[in-house]
Structures are given as structure tokens and as C-alpha cells.
Amino acid sequence: MKHLYGIFLFCTLLISCASDTDIAIIDLHKEYPAIDLQLSDMADVSYIPLKGNSNTEFKTHMHGYDNSVYVDSNYMFIADYSPTEYDSETKSTTVLADAAHLYMFDRKGNFIRTIVSPGVKDSEYMGWGMNFTVHPQKEVVTVHSYTGELLKLFDFNGNFLGSHNLGKRYSQHVALGDTLLFVDYNSQYLKYDGSVKDNGRTLLYYDILANTAINGMDLHMNPNIKKPEYLTSSKIVKTATGAYFVNPRTDTIYHINRNLEISPKFVTIWNDTESDQCVIPIAETDDYVLFSSAIDYISEYKGKLPIKTYYLDKRDSQLYEVNCSDSNSKSFEESIFKDELLLGYYSTTQNPNTLAYVLPISYLKENYDLLPADLKHIADIAADNDNPVLMILKFKNI
């Protein structure tokens, strides 16, 4: 009943400012029709060896964090998050320092320059977790930290252009045209004692052209679902028409269009328990929306719950569960090598309908027998200390 009341409430509040308020319900306890889909039918996959020198040696194992890659027809920008040390025997990663670099490459993987490096100067970066956006027409890059309040601007030559104090910490920002959309996932959430913690606005809008914050609609998540503290983090996924906003403490997935209008698009139904999953849209074309389980990156539950991919066919409004074999034990990279549609939500990029994984050479050599032919060729000629390979998945209509 609370889900239906929530749908009514959100539609009543938002119908005046959003033209499309059709809502699809995803019941995670329902058995949906199974569908066989191969990754090669849904996406174009490419592999780009990242070339550089000792100053561009990646330390992050696999793909780091979401939105850590930007790709266009000319350039690639990749954030190498807190340097880590990967132990191939235990397959564990240890964080060595709280710092990050932002590197610029051409589309062939040739290193161009470092845009920003760790440090305490105005022209440097310090903090845990780097967020950045790229604006190719203006040749501007924006950078901010999960743990800081400053938004810093750089040009494509790495020159520092200035900064703006946001007034508080924000967990993520994405670009919708010339507007930056910042999210404070801690603005409102339900605490274990039943009270609601309120730190103000959930969303902040920033106009790059005017170099100032602007007014815009806010999101009140009505957090009525009791989830573990580590499941509070919100996520924004870019689409061709705007972005999806998801928070595991609320059952509603919102769409924010390029006019900055907000509308509820999906409602997920689950039990209010720690062991349940939620879903995140990770790609959307004219034909379909793909969703991925969100719980799979929580270490306490990893391997205990099946990782699922859902496929919503927009042509007949039918939801399917994608067939994937033995989804409890494999990695996302392994499933991609096997042409299966098992996808991780932390692999989303700043480009709509595009996922990316950073594959260390050590990982390729350890999993050589699983690799497709073109990756085997890359592994055959790569030295152990070479920079990793960027794997890019670009989803298309089918």
C-alpha cells in the first residue's frame, strides 16, 4: 500500500512540471519471463590499451568508481582513484593513499597529459573519491571531491581556471548540458531509531557559463525503507535524455530531463530487510532499459545473492529477467568475456549507454583462457608493468 500511495503522491506533485509521468513497477519478488540476450547483440565492445609512462601508471584494480571515464570521438579522460595495491594471490586490493589523478588520452589510448594531480595547491586535488565532468565544446573539466566543498575548473591543457565553494559536501555531480547537477545523498534518510536526518537540499544546480549556483527543483526521497547504512548512497546514471536518480532507501527511481524537470519513472517493490536487492538503470535506448542489481558490490552479501539483469522492452512494456549462468560466483568482466549480459552498476560512465572497465595486464594474464581473441593478442604482447586496457561497452538499439 505504501508503494501505491507513494506513486499517487509523486504523480500529484510532479505532473504539472513533467510531461511524461508513466511509471513502471518492478516487483523483485515476482518471477518475470526469462529472456536470452547476448551482450554482442546489445552492445559494441572495444578494447583500448592505455599507453603512457611512469607518471601515468594506474594503480586502481578493475574499474574504480562509477563515472570515472569519459569518452568522445577525440579524447578520453580517466580518473585513477586512490592508489591501491592488488594482491593476485588473495585477489584483494589495499588502499595506499587518499589521492587521485585525472589523465587525458587520445582515442587510441596515447597519453596526452595529466589534468590534475594530488596536492594542496589551488591547481591540485586532495580528497577521497574524485568526481569530474568534461565539456568538450568549452574545453573545460570540472573536478570535486566527495570529502570537500570546492568545485575546481581546469582547461584541456591542465591549467587551473578557478574554483567555487559549494557550501557543503556532495557525493556526486554530472553534467546535463551546461548545468552541473550535484547530489547530497545524506540530505534525507531514515535512521535506525525511525527519525529522519535532514541536512537540507538533495540537489544543487550549477551553471558553468554563469559560474554560479542556480535554483532548480529538489528531490525529497520520502525515505521509508530501512536499509543498512552503507546502502544510503545515491547514484545518478546519464541517459540520452537526462539522468536517472536512484537511492536504495527509497522505492522510487526518478528521471531528470535536460530541462531539469523531475518525474518518477520506476517503483521497486521489496521487503524492508537487509538481504533484499534494489535495481539501478544502467542503459536506456529507444527500445529498452537495462537494470542491474545494486547489492552486488556490498561485500557482506557478495556471493550470497544472485546478481540479476532486468530487461524492459519499451515497445511492449514487458519486463524480463535476463538468463545468466552461475551469477553468484563470477565477475562482471568474466561474464562479458563469455558474451553474457551480467553488468555492474559501478561501471557506468559519463557517456549515455556506455560502460567501461579498466583491466590490468595481470588480470588478463591470470584469466587468459577466458579472453576473446583480440584481448588475448593484447595480453600476448603486453609487459607485466604496462598500463591496463580500457574495455568500453556502447549499448545500441536492437
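Just so we're clear, the structure is a prediction, and the values are computed from it rather than from any experiment.

Participant: Would you explain the sheet that holds strand 28 (residues 354-359) in this entry?
Facilitator: Paired through their backbone hydrogen bonds, the strands of a sheet run either parallel or antiparallel. Reading across from one edge, 3-29-28 is the order of the three strands in this open sheet, with antiparallel pairing throughout. Here the strands that pair on one side only, and so sit at the sheet edges, are strand 3 (43-49) and strand 28. Averaged over all neighbouring strand pairs, the angle between strand axes comes to 15°, with direction disregarded. Pairing of strand 28 with strand 29 (residues 389-395), which is carried by six bridges, proceeds in the antiparallel orientation. By the bridge assignment for strand 29, tyrosine 357 is matched with methionine 391. Its contacts with the sheet place helix 5 (residues 373-381) against strand 3, strand 28 and strand 29, and it is angled at close to 5° to strand 3.

Participant: Explanation requested: helix 5 in the structure shown.
Facilitator: Since one α-helical turn is 3.6 residues long, residues separated by three or four positions face the same way. Restricting attention to buried positions, one finds in helix 5 the residues Leu375, Ile378 and Ala379. Down the axis of helix 5, the sector holding all buried residues measures 95°, keeping them to one side. Exposed positions of helix 5 whose direction lies more than 90 degrees from the buried face are Ala373, Asp380 and Ile381. Tucked into the core, helix 5 has its buried residues touching strand 3, helix 3 (332-337), strand 28, helix 4 (361-366) and strand 29.

Participant: How should the pairing of strand 8 (residues 101-106) be read in this particular structure?
Facilitator: A regular strand carries its side chains on alternate faces of the sheet. Where strand 5 (residues 75-80) lies against strand 8, six bridges are found, and the strand directions are antiparallel. Within strand 8, the position partnered with aspartate 80 by the bridge is histidine 101. Counting the residues that bridge the hairpin from strand 8 to strand 9 (residues 111-116) gives four residues, and of these glycine 109 lies at a positive phi of roughly 90°.

Participant: What is the right way to look at the pairing of strand 25 (residues 288-293) in this model?
Facilitator: For strand 25, the buried fraction is high: six of the six residues fall into the buried class. Side chains Tyr288, Leu290 and Ser292 project from strand 25 onto one buried face, and the interleaved Val289, Phe291 and Ser293 project onto a second face that is buried too. When strand 24 (residues 279-284) meets strand 25, the two strands line up antiparallel, connected through five bridges. Looking across to strand 25, one finds that proline 281 is bridged to phenylalanine 291. Linkage of strand 24 to strand 25, two consecutive antiparallel strands, is achieved through a turn of three residues. As defined by bridge partners, strand 25 adjoins strand 26 (residues 309-313) across five bridges and the pair is classed as antiparallel. Within strand 26, the position partnered with leucine 290 by the bridge is tyrosine 311.

What counts as what
- Residues numbered from 1 in each chain as written.
- Predicted model: local features only at pLDDT ≥ 70, side-chain atom pairs only at ≥ 80, totals over all residues.
- Heavy atoms only, no water.
- Pairing = 2+ DSSP bridges.
- Helix = DSSP H or I, 4+ residues; strand = E, 2+ residues; numbered from the N terminus.
- Axes fitted to C-alpha atoms, helices over the stretch in contact; angles between N-to-C directions.
- Contact = heavy atoms within 4.5 Å.
- Buried < 20%, exposed > 50% of the residue type's maximum accessible area, 1.4 Å probe, protein only.
- Arc of directions from axis to C-beta.

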